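If you want the building blocks of each chain, they are given just below.
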Amino acid sequence: MTAKALGFREPMRNSLDSVSDRDFALEFLAIAAICGTHLSRLAEEIIIWSTPQFGFVRLSDSFSTGSSIMPQKKNPDAAELVRGKTGRINGHLVGLLTVMKGMPLTYGKDMQEDKESAFDTAETLDLMLAATTGMVRDMTVNSTVMKKAAGAGHATATDLADWLVRNLGLPFREAHHVTGRAVALAEEKKVGLEKLSLEDLRSIHSGITDDIFSVLAVQNSVKSRTSFGGTAPSEVRKQIRYWKKRLAKA
């Protein structure tokens, strides 16, 4: 009756176990630490993306501040605090694990240390989630810069190799070699793969046709990944619909 009233699946099956452990707190702290780690990684990307060197996103004034000494600088404070507070949550997890590692059965006053860890973690994670939600909702994405960066570094080289295998029947080892020569030629000419002429590509392998250019565009490369969970816009939209529906039920 007590378990049902508290919303538990079932009562503990061993009374000594129920008194001697703090697994419920440790599991919560572990989940919070994992969640915090994901938030921190996203925050790290936002911090990098908002730098002048990248310029992928711009945070609103609600989630950033000006520098105290450099008038032109805009600090991604919310993202930096999310990244920093993850260490605080991880510390709480390690702290309680350390308390519990030397505990004999069953109860000791040491176990009171679970309260501060659990409560502070809940409050900290709640703040991190709110800050991250606000940052993502308010930030401006510079899609033009991001599209340009997506094609840097000959990003469609694998598409070229796949095309050689699929259309010319080359073994991938040979296709890899041909692609490497194409990349070297593009580097020499200081252009992207898609800017090489058909004559340039045919000088490397005579079987290449102008159909090759259909796979060298970044947009086409992205669209071609139509497997489950792929990068194609159609697949991304499916995942967005799925998660919106799932979150609405939560």
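Residues numbered from 1 in each chain as written. Predicted model: local features only at pLDDT ≥ 70, side-chain atom pairs only at ≥ 80, totals over all residues. Heavy atoms only, no water.

Break down the pattern of salt bridges for me, citing the residues and quoting the values.
Going through the model one piece at a time under the given rule, you end up with eight salt bridges. Across the salt bridge formed by Arg 88 and Asp 120, the nearest N and O atoms sit 2.7 Å from each other. In this pair, Arg 88 is assigned in helix H4 (residues 77–101) and Asp 120 in helix H5 (residues 114–138), connecting sequence segments 32 residues apart. Take Asp 120: its relative accessible area is 16%, and that puts it in the buried class. Across the pair Asp 114 and Lys 115 runs a salt bridge, and its minimum N-O distance is 2.9 Å. According to the relative accessible area criterion, Lys 115 is partly exposed, its value standing at 39%. The network of salt bridges with common partners includes Arg 9, Glu 10 and Arg 13. (Salt bridge = Lys/Arg side-chain N within 4 Å of Asp/Glu carboxyl O. Helix = DSSP H or I, 4+ residues; strand = E, 2+ residues; numbered from the N terminus. Buried < 20%, exposed > 50% of the residue type's maximum accessible area, 1.4 Å probe, protein only.)

Give a detailed account of the packing of H4 against H5, specifying residues and quantitative values.
The interhelical angle for the contact between H4 and H5, taken along N-to-C directions, is 160°, at an axis separation of 9 Å. As summarised for this structure, H4 and H5 are arranged roughly antiparallel, according to the angle between their axes. Where H4 crosses over H5, the handedness of that crossing is left-handed. Contact with H4, carried on its side by Ala 78, Ala 79, Val 82, Lys 85, Thr 86, Arg 88, Ile 89, His 92 and Leu 96, involves Asp 114, Ser 117, Asp 120, Thr 121, Thr 124, Leu 125, Leu 127, Met 128, Ala 131, Thr 132 and Met 135 of H5 and no other residues of that element. Its residues assigned to classes, the contact of H4 with H5 comprises 10 nonpolar, six polar and four charged. (Axes fitted to C-alpha atoms, helices over the stretch in contact; angles between N-to-C directions. Parallel < 35°, antiparallel > 145°, perpendicular 65-115°, else oblique. Left-handed = near helix turned anticlockwise from the far one by under 90°. Contact = heavy atoms within 4.5 Å. Nonpolar A, V, L, I, M, F, W, Y, C, P; charged D, E, K, R; others polar.)

Would you mind going over helix H7 (residues 157–168) in detail, with residue names and values included?
Under the 1.5 Å per step criterion, the end-to-end length of H7 is 16 Å for 12 residues, consistent within 8% with the ideal 16 Å. All of the buried residues along H7 are Ala 157, Asp 159, Leu 160, Ala 161, Trp 163 and Leu 164. Against helix H8 (172–189), helix H10 (213–216) and helix H11 (218–224) lie the buried residues of H7. Within two residues after H7, Gly 169 carries a phi angle of roughly 70°, on the positive side. (Expected span 1.5 Å × (residues − 1).)

Describe the environment of Glu 80, with residues and values.
Locating Glu 80 in the fold gives a position in helix H4. In sequence terms Glu 80 and Gly 153 are 73 residues apart; their C-alpha atoms lie 29 Å from each other.

Mind laying out the side chain of Ser 40, listing which residues take part and the relevant values?
Structurally, Ser 40 can be placed in helix H3 (residues 23–49). Among all residues touching Ser 40, those that are not within four sequence positions of it are Val 82, Arg 83 and Thr 86.

Let's hear about the environment of Leu 201: which residues, and what values?
One can find Leu 201 in helix H9 (residues 198–202). Leu 201 sits 23 residues away from Val 178 along the chain, and the two C-alpha atoms are 9.3 Å apart.

A description of the layout of surface pockets should follow, citing residues and the corresponding values.
Of the pockets and cavities examined, the largest pocket occupies roughly 510 Å³. Around the largest pocket, the lining comprises 16 residues; the ones closest to its centre are Phe 8, Glu 10, Pro 11, Met 12 and Phe 24. Elements represented by at least two residues in the lining of the largest pocket include exactly helix H1 (2–5), helix H2 (15–20) and H3. The dominant element in the lining of the largest pocket, judged by the number of residues it contributes, is H3, at three residues. Broken down by class, the residue content of the lining of the largest pocket amounts to six nonpolar, three polar and seven charged. What lines the second largest pocket is a set of 15 residues, and nearest its centre among them are Ser 50, Thr 51, Pro 52, Lys 74 and Asn 75. Of all the secondary structure elements, the ones that give two or more residues to the lining of the second largest pocket are strand S1 (57–58) and strand S3 (74–75). (1 Å grid on protein atoms, 1.4 Å probe; cavity = no way out; pocket = protein on both sides within 12 Å on 5 of 7 lines; lining within 4 Å. Points joined across faces, edges and corners; volume = space filled by probe spheres on them.)

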